[in-house]
Amino acid sequence: MPHMGTSVVEGTIIGWSKQVGDHVDLDETLCEVTTDKVDTECPSPAAGVLAEILVDVGETVDVGTVVARIEVEGGVATPATPAGPVAPARAEAAAPASNGAAAANGNGAAGPRVSPVVARMAAVHDLDLAQIPGTGRGGRVTKKDVLAFLDRAPEPEERPLHSESPYRPDDAPPAPAPSPPRDDLGGVPQPLSRIRQAIGRAMLASQLTTATCHTVVECDMSRVENRRRDLGLTALPLVSAAVVETLRGFGQLNATLDGTTITTYERVHLGIAVSLGDDGLIVPVIHDAQDLSPQGLGTRIKDLARRARAGQLVPDDVQGATFTITNPGAFGATIATPIINAPQVAILDLEAIIRRPVVITDDDNNESIAIRPMVNLVLGWDHRAIDGVYAAQFLTALRRRLEAAG
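Everything numeric in this text was worked out from a predicted model, so none of it was measured.

A. Structural context of the overall build of the chain. Secondary structure summary: the chain contains eight helices and 19 strands in total. The buried share of the chain, reckoned over its 406 residues, is 44%. Pairs at least 24 apart in sequence give 59% of the contacts found in the chain among residues at least 6 apart. Accessible surface computed for the chain: about 20500 Å², of which carbon and sulfur atoms make up 52%.

B. Spatial organisation of the pattern of salt bridges. By the definition in use, this model includes 11 salt bridges. The salt bridge involving Glu-28 is made with Lys-18; its shortest N-O contact spans 3.1 Å. Of this pair, Glu-28 sits in the loop between strand S2 (23–24) and strand S3 (29–34) while Lys-18 sits in the loop between strand S1 (10–16) and S2; the two residues are 10 residues apart in sequence, bridging distant segments of the chain. Looking at Glu-28, the relative accessible area reads 12%, which means it is buried. For Lys-18, a relative accessible area of 7% gives the class buried. Between Arg-228 and Glu-225 there is a salt bridge; the shortest N-O distance is 2.8 Å.

C. Fine view of the nonpolar core. Counting 51 residues, the largest nonpolar core has Phe-323, Leu-348, Leu-377 and Leu-379 as the members making the most contacts within it. With nine residues, helix H6 (residues 235–247) is the single largest residue contributor to this core. Met-1, Trp-16, Val-24 and Ile-53 belong to the second largest nonpolar core, which has 16 residues in total.

D. Broad picture of the sheet that holds S1. Across the sheet, four strands lie side by side as S4-S3-S1-S6; this open sheet has antiparallel pairing. The open sheet is flanked by strand S4 (39–43) and strand S6 (60–62), the only strands paired with a single partner. The average angle at which neighbouring strand axes cross in this sheet is 40°, direction not considered. Relative to S4, S3 runs antiparallel, the two being bridged by five bridges.

E. Molecular detail of H6. For H6, with 13 residues, the first-to-last C-alpha span of 18 Å sits near the 18 Å given by 1.5 Å per residue. Of all 13 residues that make up H6, 12 are buried, and the element is covered over most of its length. For H6, the complete set of buried residues consists of Ala-235, Leu-236, Pro-237, Leu-238, Val-239, Ser-240, Ala-241, Ala-242, Val-243, Val-244, Thr-246 and Leu-247. Packed against the buried residues of H6 are helix H5 (222–231), strand S12 (270–272), helix H7 (294–309), strand S16 (323–326), strand S17 (346–350) and helix H8 (388–403).

F. Inspection of the environment of Asp-303 at higher detail. In this fold, Asp-303 is placed in helix H7. For Asp-303, a relative accessible area of 25% gives the class partly exposed.

G. Spatial organisation of the state of the cysteines. Taken as a whole and judged by the stated rule, the model has zero disulfides. Looking at Cys-31, it has no disulfide partner, and the nearest cysteine sulfur is the one in Cys-42, 4.2 Å off. Classification of Cys-31 by relative accessible area gives buried; the value is 2%.

H. Representation of the side chain of Asp-128 within the structure. By secondary structure assignment, the location of Asp-128 is in the loop between helix H2 (116–125) and helix H3 (143–152). At 3.0 Å, the side chain of Asp-128 and the backbone nitrogen of Ala-130 are in polar contact.

Definitions and limits used
For every chain, the first residue of its written sequence is number 1, and the numbers climb from 1 along that sequence. Side-chain atom pairs in this predicted model are given and counted only at pLDDT of 80 or more, local residue features only at pLDDT of at least 70, and totals for whole chains, interfaces and linings cover all residues. Hydrogen atoms and water are omitted, and side-chain values are computed over all heavy atoms in the structure. Under the DSSP-based scheme used, a helix requires at least four consecutive residues in state H or I and a strand at least two consecutive residues in state E, with every element numbered from the N terminus. Partly exposed describes any residue whose relative accessible area lies between the buried limit of under 20% and the exposed limit of over 50%, with all areas from a 1.4 Å probe on protein chains only and scaled to the type maximum. Throughout, a residue-residue contact means that at least one pair of heavy atoms, one from each residue, lies within 4.5 Å. Shrake-Rupley sampling with a 1.4 Å probe provides the accessible areas, and residues are treated as covered by the protein chains on show and by no other component. The term salt bridge refers to a side-chain nitrogen of Lys or Arg lying within 4 Å of a carboxyl oxygen of Asp or Glu. Throughout this description, the term nonpolar core refers to a set of buried Ala, Val, Leu, Ile, Met, Phe, Trp, Tyr and Cys residues connected via side-chain atoms within 4.5 Å. Strands are labelled as partners when DSSP assigns at least two bridges between them. To obtain each axis, a line is fitted to C-alpha atoms, and for helices this fit is confined to the stretch in contact; angles are then taken between N-to-C directions over 0 to 180 degrees. The span one expects for a helix is its residue count, reduced by one, times 1.5 Å. In this description, the term disulfide denotes a pair of cysteine sulfurs within 2.5 Å. Whenever two N or O atoms come within 3.5 Å, that pair is a polar contact, provided that in protein one can donate a hydrogen and the other can accept it, and provided that, for residues adjacent in sequence, both atoms are side-chain atoms.

Here it is, written out as C-alpha cells:
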C-alpha cells in the first residue's frame, strides 16, 4: 500500500487492473486504492508478470503493506510496494467485473477496459469514453486521459456567487434514494459512510489532543468588497491572500504540533475546506500559497473545489497543510467554533458577509451610524502552542489588513 500523505495510514483496494499472469509495464496502473481523502491509481514499480495478488478487492490494509508481487526478468519476485510487512498468506486473486469485461462507453456500446476510478469519473461527468484517446496499454483510457480531456473541455457557465465558497450547493437536489425500513418510531438506522467515519475519527482525535480555544473579531469588508468587484473575484481569495501575508508575522500559527515539538514554517501550505455534500468534506491544499496573487489563489481554489467534488484529487492535493481556512458563510452562518485540523495549531473560520448598521468614527473622532458589510473572523487555536493574546494580535492584524485593502 503506497504512502499517500502523512495523515493517511491505510487504504482500501477497490479494483485490480491486472490479473495473476498478466504482463504489466513500468508505471502502468496496477490497482486502484481509496482512502478517507482520495481515490487514486497505483502504478507498477517494475515491468514483468503479476505473480501474486496478496490483498483482495475491498480489503483495507496499512500503508506499507505489500499488496502484490511482480515477477521480473530473471524470475525474481518483486513486492509491488517495497516497504512494509508481507501478508502472511496469499489472498484469492479476483479482479472486479468492471475490469474483467469491456466497460460501457456511455452510449451502451462496449469500449476498452477501464478502471473503477475511470468508470466513476465517466459517470460523474457523463462522458463517452469512446471519444477519449487512451494512452494506456492496448488503448486503455486512464485517469490521466480523463483529466486531460476534462481540462480541454469548456467549463459550464456558473452563476455568480457572493463568495468563492467551496461549500457551494448543487443547483439541483440529488435523486432520492430508496427508503430504508423504519422502526416503530419512524427512525431509519443506517451506518455512517466510510468518509463520515474517517472525519469523525479525525475530529474526535483533534478534540482529545488539542487544547482548543476560539477568538472572534468583527471586520468591515467594505474595501474587500470593492476590490473583489474590481478584480472580478470573490471574497475568499482576497481573505486568503491577507491571511498568508499576516502569517508572515505570526509564525507560531503557521505550524504543526507533534507532542511537545512545534515546527514552524516559512512557506504557507494553505488548506481550504471543501464540502462534498452528503459525502462529508475534504481539505485540499494550495502549496506555496505565499507565491500566489489573489487572482492566482482564486484560480487554485476553484480548481481544487471542482476536482474535489468530481473525485479527481490526487494524494499530493491533500497533504502538507500548515494552516486551514473554512468558509461556511455562504450558507448564511454568522459564527461557528471550528475544530483544528491537527497536527496544525490553528484554523480560520470565515463567516457570512452581512450588511448591517455599525458605529463609525471619522478622522475628527466624530461618531455616526452607517451601513457596512461586516463579517466575523473566528480563529480556532491550540492553547498548547500559543496564548490568547497572540491569537487576538493575529486577528487584529488580519482585520487591519483587510480593512485597508485597496
